[in-house]
Amino acid sequence: AQSVSQHNHHVILSEAASLELGCNYSYGGTVNLFWYVQYPGQHLQLLLKYFSGDPLVKGIKGFEAEFIKSKFSFNLRKPSVQWSDTDEYFCASLNTSRIQGAQKLVFGQGTRLTINP
Amino acid sequence: DGGITQSPKYLFRKEGQNVTLSCEQNLNHDAMYWYRQDPGQGLRLIYYSQIVNDFQKGDIAEGYSVSREKKESFPLTVTSAQKNPTAFYLCASSTRDRGRSGELFFGEGSRLTVL
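Residues numbered from 1 in each chain as written. Chains lettered and ligands numbered in written order. Predicted model: local features only at pLDDT ≥ 70, side-chain atom pairs only at ≥ 80, totals over all residues. Heavy atoms only, no water.

Caption draft 1: The arrangement of the overall build of chain B in detail. Across its full length, chain B carries zero helices and eleven strands. The N-to-C order of helical and strand elements in chain B reads β-β-β-β-β-β-β-β-β-β-β. Against the 2.2 N^0.38 benchmark of 13 Å for 115 residues, chain B shows a C-alpha radius of gyration of 13 Å, consistent with a compact globule. Summarising its shape, the C-alpha atoms of chain B cover approximately 40 × 30 × 25 Å along the three principal directions. (Helix = DSSP H or I, 4+ residues; strand = E, 2+ residues; numbered from the N terminus. Rg over C-alpha atoms; globule rule 2.2 N^0.38 Å.)

Shown next, in the form of structure tokens:
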């Protein structure tokens, strides 16, 4: 089964700093990768996704991610962070069951991002 | 407005009691999911359903049960057999359109505390 690892549990940056959050996935055939953001104590929202094609994908709120197949990575980046980016970020991989064709999303452990003004 | 509604937002339960968390969506999505969130462990899948009257166990289904009698509704029951039920529970739904696989829409969550 595919798994997703996020090695940074808590990242603290100052406003205007550049951001890179790590995400590694285990190989499992077709790769479909996602980044979600969770607002404090609330729901998650999709930031961006990679299915195929251009390995550099752009999402909402100025975020982007690069799929590097040789490194099994899908790191999230933002050139200049804002205080409002303080949230928790989750990387996820789509698993497809061979038996039933059912698809389910597997999440990493999450990275808490704190931006100091 | 289309979306997913979870209720209650906060719930307290005594040990040994079953409790049911509600999840309703009006997005006309076929697939629905229940995740459990604990600090430092991310989201773990409890149960998921691709169509009405069908559902599959996720990674941590023990001590939980679900039903999918209607497309709009996917309630989760936390039974007394669940040894550590205190957690934040998130319901989600998605379309089964191939190009939008993995795009989940989440509810606001239900926080269950066992006293």
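From this point, the discussion proceeds with the structure in view.
Caption draft 2: Quick peek at the interface of chain B and chain A. Contact with chain B, which involves 24 residues of that partner, is made by 21 residues of chain A. Here chain B and chain A share an interface that buries about 1,800 Å² over both sides, 52% of which is from carbon and sulfur atoms. Its largest share of buried area at the contact with chain A, chain B owes to Leu43(B), Ser101(B) and Phe106(B), together 24% of the area lost on that side. Between chain B and chain A we count two salt bridges in total. Between Lys49(A) and Glu103(B) there is a salt bridge, and its shortest N-O distance comes to 2.3 Å. Summed over the shared surface of chain B and chain A, the number is seven residue pairs in polar contact (both at pLDDT 80 or more). Within the residue set of the side of chain B that touches chain A, elements represented by two or more residues are strand E4 (31-38), strand E5 (42-51) and strand E9 (87-94) of chain B. No other element matches E5(B), which puts five residues into the side of chain B that touches chain A. Of the residues assigned to the side of chain B that touches chain A, the class counts are nine nonpolar, ten polar and five charged. (Contact = heavy atoms within 4.5 Å. Buried area = accessible area lost by both parts, 1.4 Å probe. Salt bridge = Lys/Arg side-chain N within 4 Å of Asp/Glu carboxyl O. Polar contact = N/O pair within 3.5 Å; in protein donor to acceptor, adjacent residues only side chain to side chain. Nonpolar A, V, L, I, M, F, W, Y, C, P; charged D, E, K, R; others polar.)

Caption draft 3: Inspection of the nonpolar core at higher detail. Residues and elements named next belong to chain A. One finds Trp35, Leu47, Leu48, Phe74, Leu76 and Tyr89 to be the most contacted residues of the largest nonpolar core, which totals 26 residues. Breaking this core down by element, the ones donating at least two residues are strand E2 (10-14), strand E3 (19-21), strand E5 (33-38), strand E6 (44-50), strand E8 (64-68), strand E9 (73-78), strand E10 (87-96) and strand E12 (111-116). When sequence neighbours within four positions are dropped, the list of residues in contact with Leu76 reads Leu19, Glu20, Leu21, Trp35, Leu47, Leu48, Phe63, Glu64, Ala65 and Tyr89. (Core = buried A, V, L, I, M, F, W, Y, C linked by side-chain atoms within 4.5 Å. Buried < 20%, exposed > 50% of the residue type's maximum accessible area, 1.4 Å probe, protein only.)

Caption draft 4: Layout of the packing of aromatic side chains. Under the counting rule described, the total for this entry stands at 17 aromatic pairs over all chains. A ring pair is formed by Tyr25(A) and Phe72(A), whose centres lie 5.7 Å apart and whose planes are at 65°; its orientation type is edge-to-face. Highlighted residues: Tyr25(A) in strand E4 (residues 24-25) and Phe72(A) in the loop between E8 and E9, separated in sequence by 47 residues. We classify Tyr25(A) as buried; its relative accessible area is 5%. Taking 5.2 Å as the distance between ring centres and 90° as the angle between the ring planes, the aromatic pair formed by Phe107(A) and Tyr35(B) counts as edge-to-face. You can see Phe107(A) sitting in strand E11 (residues 103-107) and its partner Tyr35(B) sitting in strand E4, one on each of two chains. Phe107(A) gets classed as buried once you look at its relative accessible area, which sits at 7%. The exposure class assigned to Tyr35(B) is buried, which follows from its relative accessible area of 0%. (Phe/Tyr/Trp six-rings, centres within 6.5 Å; stacked < 30°, edge-to-face > 60°.)

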